[in-house]
Amino acid sequence: RSPEFNGEEHKKAWLIHVATNVCKSMRRFRVRHAAVNLDDVTKLAADEHDREILECVMRLAPKYRSVLHLFYIEGYKTAEIASMTDLSVSAVKKRLQYAREKLRIEYDGGN
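Residues numbered from 1 in each chain as written. Predicted model: local features only at pLDDT ≥ 70, side-chain atom pairs only at ≥ 80, totals over all residues. Heavy atoms only, no water.

Details of unusual backbone geometry
Line of reasoning, step 1. A positive phi is found at Asp-86, a non-glycine position, where the angle reads about 60 degrees.
Line of reasoning, step 2. Residue placement: Asp-86 occurs in the loop between helix H4 (78-85) and helix H5 (89-110). (Helix = DSSP H or I, 4+ residues; strand = E, 2+ residues; numbered from the N terminus.)

Topic: the confidence of the model for the protein
Line of reasoning, step 1. Summing up the model confidence of the protein, the mean pLDDT is 83 and the portion of residues at 70 or higher is 85%.
Line of reasoning, step 2. Mean pLDDT per element in the protein: helix H2 (residues 48-59) is the minimum at 80, and H4 is the maximum at 92. (pLDDT = per-residue confidence, 0-100.)

With respect to the nonpolar core
Line of reasoning, step 1. Residues Leu-60, Leu-68, Ile-81, Val-92, Leu-96, Ala-99 and Leu-103 are the most contacted members of the largest nonpolar core, which totals 15 residues.
Line of reasoning, step 2. Elements represented by at least two residues in this core include exactly H2, helix H3 (62-73), H4 and H5.
Line of reasoning, step 3. By residue number, the principal contributor to this core is H5, which donates five residues.
Line of reasoning, step 4. Sequence-distant contacts of Ala-99, defined by excluding residues within four places in its chain, comprise Leu-60, Tyr-64 and Leu-68. (Core = buried A, V, L, I, M, F, W, Y, C linked by side-chain atoms within 4.5 Å. Buried < 20%, exposed > 50% of the residue type's maximum accessible area, 1.4 Å probe, protein only. Contact = heavy atoms within 4.5 Å.)

Observations concerning the environment of Leu-54
Line of reasoning, step 1. Topologically, Leu-54 is positioned in helix H2.
Line of reasoning, step 2. Sequence-wise, Leu-54 and Leu-103 are 49 residues apart; in three dimensions their C-alpha atoms are separated by 9.6 Å.

Overview of a nonpolar patch on the surface
Line of reasoning, step 1. Taken together, the side chains of Val-18, Val-22 and Met-26 make up a nonpolar region of the molecular surface, amounting to roughly 240 Å² of accessible area.
Line of reasoning, step 2. As for its position among the elements, Val-18 is in helix H1 (residues 8-32).
Line of reasoning, step 3. Residue class for Val-18 comes out partly exposed when judged on its relative accessible area of 32%. (Patch = residues over 30% accessible without salt bridge, like charges linked within 9 Å, V, L, I, M, F, W, Y side chains within 5 Å. Areas by Shrake-Rupley, 256 points an atom, 1.4 Å probe, with all protein chains shown as cover. Salt bridge = Lys/Arg side-chain N within 4 Å of Asp/Glu carboxyl O.)

Re the packing of aromatic side chains
Each aromatic ring pair is described using two quantities: the centre-to-centre distance and the angle formed by the ring planes.
Line of reasoning, step 1. If you walk through the whole model with that rule in mind, you get three aromatic pairs.
Line of reasoning, step 2. Relative to Tyr-72, the ring of Phe-71 lies with its centre 4.8 Å away and its plane at 85 degrees, an arrangement referred to as edge-to-face.
Line of reasoning, step 3. A residue is classified by how much of its surface remains accessible, and Phe-71, at 26% relative accessible area, is partly exposed. (Phe/Tyr/Trp six-rings, centres within 6.5 Å; stacked < 30°, edge-to-face > 60°.)

Things to note about the pattern of salt bridges
Line of reasoning, step 1. Applying the stated criterion to the full structure yields three salt bridges.
Line of reasoning, step 2. Its salt-bridge partner being Glu-106, residue Arg-59 comes within 2.5 Å of it at the nearest N-O pair. Taken together, the positions of Arg-59 in helix H2 and Glu-106 in helix H5 put the pair 47 residues apart, joining distant regions of the chain.
Line of reasoning, step 3. You can call Glu-106 partly exposed: its relative accessible area is 29%.
Line of reasoning, step 4. Between Asp-108 and Arg-104 there is a salt bridge; the shortest N-O distance is 4.0 Å. Residue Asp-108 and its partner Arg-104 are located together in helix H5, separated by four residues, close to a single helical turn.
Line of reasoning, step 5. Its relative accessible area of 47% is what places Asp-108 among the partly exposed residues.
Line of reasoning, step 6. What you see here is one network of salt bridges that share partners, running through Glu-101, Arg-104 and Asp-108.

Laid out in C-alpha coordinates, this is it:
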(Lines give C-alpha, C1' and ligand atoms only; values in the text may rest on other atoms or scores of the structure.)
Protein backbone atom coordinates (compact mmCIF):
# COMPACT_ATOMS: atom_id res chain seq x y z
CA ARG A 1 0.00 0.00 0.00
CA SER A 2 1.40 3.37 -0.94
CA PRO A 3 1.34 6.33 1.45
CA GLU A 4 -0.37 9.68 0.95
CA PHE A 5 1.75 12.00 -1.20
CA ASN A 6 2.17 15.78 -0.92
CA GLY A 7 2.76 16.15 -4.64
CA GLU A 8 4.33 14.55 -7.69
CA GLU A 9 7.89 15.19 -6.47
CA HIS A 10 7.14 13.44 -3.19
CA LYS A 11 5.61 10.50 -5.09
CA LYS A 12 8.64 10.36 -7.41
CA ALA A 13 11.09 10.36 -4.48
CA TRP A 14 9.12 7.61 -2.76
CA LEU A 15 9.09 5.45 -5.92
CA ILE A 16 12.85 5.92 -6.41
CA HIS A 17 13.47 4.97 -2.78
CA VAL A 18 11.29 1.84 -3.07
CA ALA A 19 12.92 0.83 -6.38
CA THR A 20 16.38 1.28 -4.87
CA ASN A 21 15.47 -0.93 -1.90
CA VAL A 22 14.03 -3.63 -4.19
CA CYS A 23 17.22 -3.61 -6.29
CA LYS A 24 19.37 -3.89 -3.17
CA SER A 25 17.26 -6.81 -1.95
CA MET A 26 17.54 -8.56 -5.32
CA ARG A 27 21.30 -8.09 -5.33
CA ARG A 28 21.64 -9.46 -1.79
CA PHE A 29 19.50 -12.44 -2.79
CA ARG A 30 21.65 -13.16 -5.86
CA VAL A 31 24.83 -12.99 -3.78
CA ARG A 32 23.40 -15.44 -1.23
CA HIS A 33 21.80 -17.72 -3.84
CA ALA A 34 24.29 -17.97 -6.67
CA ALA A 35 22.47 -19.54 -9.63
CA VAL A 36 23.75 -22.66 -11.31
CA ASN A 37 22.53 -23.61 -14.77
CA LEU A 38 20.94 -27.05 -14.59
CA ASP A 39 22.60 -28.11 -17.85
CA ASP A 40 26.05 -27.22 -16.48
CA VAL A 41 25.66 -29.20 -13.26
CA THR A 42 26.91 -32.46 -14.81
CA LYS A 43 30.20 -30.71 -15.61
CA LEU A 44 30.63 -29.98 -11.91
CA ALA A 45 30.34 -33.62 -10.87
CA ALA A 46 33.43 -34.68 -8.96
CA ASP A 47 33.45 -38.34 -9.97
CA GLU A 48 31.68 -41.03 -11.99
CA HIS A 49 29.25 -41.79 -9.15
CA ASP A 50 28.09 -38.15 -9.06
CA ARG A 51 27.74 -38.08 -12.84
CA GLU A 52 25.56 -41.20 -12.79
CA ILE A 53 23.26 -39.65 -10.19
CA LEU A 54 23.05 -36.40 -12.15
CA GLU A 55 22.21 -38.31 -15.32
CA CYS A 56 19.36 -40.01 -13.43
CA VAL A 57 18.16 -36.59 -12.28
CA MET A 58 18.25 -35.25 -15.84
CA ARG A 59 16.00 -38.13 -16.97
CA LEU A 60 13.28 -37.13 -14.49
CA ALA A 61 10.22 -35.23 -15.69
CA PRO A 62 10.80 -31.46 -15.58
CA LYS A 63 8.32 -30.92 -12.73
CA TYR A 64 10.39 -33.22 -10.49
CA ARG A 65 13.79 -32.15 -11.79
CA SER A 66 13.01 -28.48 -11.19
CA VAL A 67 12.03 -28.92 -7.53
CA LEU A 68 15.14 -31.05 -6.92
CA HIS A 69 17.26 -28.36 -8.56
CA LEU A 70 15.70 -25.56 -6.54
CA PHE A 71 15.94 -27.50 -3.27
CA TYR A 72 19.36 -29.17 -3.49
CA ILE A 73 21.35 -27.01 -5.89
CA GLU A 74 19.91 -23.54 -5.41
CA GLY A 75 19.26 -24.09 -1.69
CA TYR A 76 15.68 -22.85 -1.47
CA LYS A 77 13.33 -23.99 1.27
CA THR A 78 10.11 -25.80 0.35
CA ALA A 79 7.99 -22.74 1.18
CA GLU A 80 10.10 -20.60 -1.16
CA ILE A 81 9.81 -23.19 -3.94
CA ALA A 82 6.06 -23.31 -3.42
CA SER A 83 5.86 -19.55 -3.79
CA MET A 84 8.01 -19.55 -6.94
CA THR A 85 6.15 -22.41 -8.63
CA ASP A 86 2.59 -21.54 -7.54
CA LEU A 87 2.31 -24.89 -5.77
CA SER A 88 1.34 -25.66 -2.21
CA VAL A 89 4.11 -26.52 0.24
CA SER A 90 2.70 -30.04 0.52
CA ALA A 91 2.78 -30.42 -3.30
CA VAL A 92 6.45 -29.39 -3.34
CA LYS A 93 7.24 -31.86 -0.56
CA LYS A 94 5.36 -34.59 -2.41
CA ARG A 95 7.25 -33.86 -5.64
CA LEU A 96 10.55 -34.00 -3.76
CA GLN A 97 9.54 -37.28 -2.15
CA TYR A 98 8.44 -38.77 -5.48
CA ALA A 99 11.59 -37.57 -7.25
CA ARG A 100 13.81 -39.09 -4.55
CA GLU A 101 11.95 -42.38 -4.81
CA LYS A 102 12.24 -42.40 -8.62
CA LEU A 103 15.97 -41.68 -8.33
CA ARG A 104 16.47 -44.42 -5.78
CA ILE A 105 14.64 -46.97 -7.94
CA GLU A 106 16.40 -45.94 -11.15
CA TYR A 107 19.85 -45.68 -9.61
CA ASP A 108 19.61 -48.92 -7.60
CA GLY A 109 18.04 -50.67 -10.57
CA GLY A 110 20.88 -49.63 -12.86
CA ASN A 111 23.57 -51.07 -10.58
